[in-house]
Amino acid sequence: MQGKLTVVIPALNEEEGIAGTIRTVPVAEIKRIGYATQVLVVDNGSTDSTARLASEAGADVISEPVRGYGKALKRGFSTASGDVIVTADADATYPLEAIPSLLDTFARDGLDFLTTNRFAALDESAMSIVNRVGNRILGMATRVLFRLDMRDPESGMWMFKKDILNDLKLHSDSWPLSTRSK
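Residues numbered from 1 in each chain as written. Predicted model: local features only at pLDDT ≥ 70, side-chain atom pairs only at ≥ 80, totals over all residues. Heavy atoms only, no water.

S.K.: Describe the sheet that holds strand 1 (residues 3-11), listing the residues and the values that go with them.
M.R.: The mixed open sheet is built from six strands, whose spatial order is 3-2-1-4-6-5. On the outer flanks of this sheet lie strand 3 (60-63) and strand 5 (113-115), each paired with one strand and no other. This sheet shows a mean twist of 20° between the axes of neighbouring strands, independent of strand direction. Sheet analysis places strand 5 next to strand 6 (residues 158-161), joined by three bridges and oriented antiparallel. Bridging from a neighbouring strand, T115 pairs with W158 of strand 6. Helix-sheet contacts for helix 4 (residues 69-79) involve strand 1, strand 2 (35-43), strand 3, strand 4 (84-87) and strand 6, and the interaxial angle to strand 1 is about 155°. Each of strand 1, strand 2, strand 4, strand 5 and strand 6 is contacted by helix 5 (residues 99-108), which is oriented at about 45° to strand 6, the strand it contacts most. (Pairing = 2+ DSSP bridges. Helix = DSSP H or I, 4+ residues; strand = E, 2+ residues; numbered from the N terminus. Axes fitted to C-alpha atoms, helices over the stretch in contact; angles between N-to-C directions. Contact = heavy atoms within 4.5 Å.)

Quick look at the structure:
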């Protein structure tokens, strides 16, 4: 084994999408390329069946009772057993099936952090027109100001080495790794 990968999925009342999201993680393919996989759902105070359904789908489930997307992510980061972490939302909007090819790029290019573009395969109805336009404007600003070819600056699917967390100061309990951070 090359290492261990943890997929951290914060979830708040996501019973409609959580099991499907977990099932899209290609655990067998990730294992074939040398990584053990932990799927870690951080239940952020759900009042529905999210935690039970996640557990039944094969995920490790932990609780973060203090609500906040960033709070749930940080709890997942501190609990993750993998040396590489992937983040995703619980609503099946991210291409988790792409993890093996992302791992290849990650290793080949010697990356510490990688973000994804959910627009490549996103169903048009999954995001409001206002959010889609706003994200495109942020993407254009990112490309112009920082010369980064980033198409989805608000993506919540990242891949990174767990050890970079030691160098980051994640203050926000709402959105710790996006442009919404304070």
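And the narrative resumes.
S.K.: Got a sec to walk through the nonpolar core? Specific residues and values, please.
M.R.: Across soluble globular proteins, you tend to see nonpolar side chains buried next to one another. Grouped together as the largest cluster of nonpolar side chains are 26 residues, with contacts concentrated most on L5, I99 and M159. When sequence neighbours within four positions are dropped, the list of residues in contact with L5 reads I30, Y35, A36, T37, Q38, G82, V84, V86, I99 and L103. Grouped together as the second largest cluster of nonpolar side chains are 14 residues, I62, L73, F160 and L165 included. (Core = buried A, V, L, I, M, F, W, Y, C linked by side-chain atoms within 4.5 Å. Buried < 20%, exposed > 50% of the residue type's maximum accessible area, 1.4 Å probe, protein only.)

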